[in-house]
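# Residue-level structure breakdown
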Amino acid sequence: MLNPLQKVSLGLGAVLLMFSCSKDMEEVSPSFSSATDAAKVANTANPLSISALSTSDGKTWTFSVQKTADGNVPNIGSLILTLTGCDDQPIALTGDNVVAATVTGAGVDILEPSFKEGNGSACDMSEVSGYLRLSDFEEKLTDGKVYTFSFTLSHAIQVKSANIWTRISNACYPSVVAGPGCEMDMCGEGQGYFHKSEHWEGQTITLGGHTYTAAEGVTLITSDKKEGGSDNKGGIADSKAAFAQGATVLLNRQLGLISPNAYAAELATIEAYLSTLDKLTTYDQGDLPTGNAAAKAAAGYIGDNIDCEDEE
């Protein structure tokens, strides 16, 4: 049987033990809270790495996405992007200038470009216009795997940067990536500059599998009369227009006046057409082949854009 003094000692010990445990619990509690806060902060960081935009012709643009966060991350609901030009002005992306889009991972998914984000989305785009939305891809996010997204425009552009929003579940992760467009010089000498043989600087060009000297090229470009000397009121034959602008691109490239990849898509279209024809100097210059709208359009685009010396 315990005496009163022993009871008091035990009671005091219990109180001291409870106080000690309470104090230890108070000291542990903040560290647990900090860990929780750290986890929350980690969860708000972008779990993806997104590359800079790249292009070879100013029309088809690509960027890669890779999961870099540890642990389970839900798959991407949608990617939304806007472009900024070299003049720091936005470049609107709409159904009028976005031709196609794909994502490549284990396979290739053809995507349906959209220009509207769903209501109530984690990415609030109510104050943003001219954006492209990519979604409904079958590819799934996995550790270390790289997914390449591409979108093709109706005409070549130069891009300084892009804003990309990634929606994952109920979170939205914004990123800003660089674009190489401002380094891709597409401004050179126009077709008229090469009406003089000396401006070819001894260069020859090969178009459609046929090689042309400066004398031959100038004759083709400047032959604007039909047989009998009448004005060519019917318009320039498609083969002549294609040759003139194809030669303009090649000469600008060879003289180092534009990027080696500038107008690649247009030149490919012209090459494909001219390769179906004999060397143009073998035809009656008043009756050159015509009837290829794609080559004529490609030539027109080059003519409208390559001589941009006066543009601000």
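Residues numbered from 1 in each chain as written. Predicted model: local features only at pLDDT ≥ 70, side-chain atom pairs only at ≥ 80, totals over all residues. Heavy atoms only, no water.

At a closest axis distance of 10 Å, the pairing of helix α3 (residues 238–254) and helix α4 (residues 264–274) adopts a crossing angle of 130 degrees. Classified by the angle their axes make, α3 and α4 are oblique. Relative to α4, α3 is oriented so that their crossing is left-handed. Between α3 and α4, the contacting residues are D238, S239, A242, F243, G246, V249, L250 and R253 on the first element and A264, L267, I270, Y273 and L274 on the second. (Axes fitted to C-alpha atoms, helices over the stretch in contact; angles between N-to-C directions. Helix = DSSP H or I, 4+ residues; strand = E, 2+ residues; numbered from the N terminus. Parallel < 35°, antiparallel > 145°, perpendicular 65-115°, else oblique. Left-handed = near helix turned anticlockwise from the far one by under 90°. Contact = heavy atoms within 4.5 Å.)

On strand β8 (residues 132–135), burial covers both faces: L132 and L134 on one face and R133 and S135 on the other are all buried. Bridge count between strand β4 (residues 76–84) and β8: four bridges; the pairing is antiparallel. Each bridged residue has a counterpart across the sheet, and for L81 the counterpart in β8 is L132. (Buried < 20%, exposed > 50% of the residue type's maximum accessible area, 1.4 Å probe, protein only. Pairing = 2+ DSSP bridges.)

Further remarks concern the state of the cysteines. Joining two cysteines, a disulfide is a covalent bond between their sulfur atoms. Applying the stated criterion across every chain yields a total of one disulfide. Across the disulfide from C123 sits C172; the S-S distance is 1.9 Å. The chirality of the disulfide connecting C123 with C172 is right-handed, given an S-S dihedral of about 105 degrees. Remark: C172 occurs in strand β11 (residues 171–178) and C123 occurs in the loop between β7 (108–111) and β8; sequence separation between them is 49 residues. A relative accessible area of 3% means that C123 is categorised as buried. A relative accessible area of 23% places C172 in the partly exposed class. (Disulfide = S-S within 2.5 Å.)

This part covers the packing of aromatic side chains. Two numbers describe a pair of aromatic rings. These are the distance of the centres and the angle of the planes. Applying the stated rule across the entire model yields five aromatic pairs. Taking 5.2 Å as the distance between ring centres and 75 degrees as the angle between the ring planes, the aromatic pair formed by F137 and F149 counts as edge-to-face. Note that F137 is positioned in the loop between β8 and β9 (146–153) and F149 in strand β9, a separation of twelve residues in sequence. The same class applies to F137 as to F149, namely buried. By the ring-pair criterion, three or more aromatic residues cluster together here, those being F63, F137 and F149. Positioned over the ring face of Y212 is K279, at 5.2 Å from the centre of the ring. (Phe/Tyr/Trp six-rings, centres within 6.5 Å; stacked < 30°, edge-to-face > 60°. Lys NZ or Arg CZ within 6 Å of the ring centre and 35° of its normal.)

So, on to α3. The terminal C-alpha atoms of α3 lie 24 Å apart, and with 17 residues this matches the ideal 24 Å at 1.5 Å per residue to within 8%. A large share of α3 lies buried, amounting to 15 of its 17 residues. Looking at the residues trailing α3, positive phi occurs at G256, about 75 degrees. (Expected span 1.5 Å × (residues − 1).)

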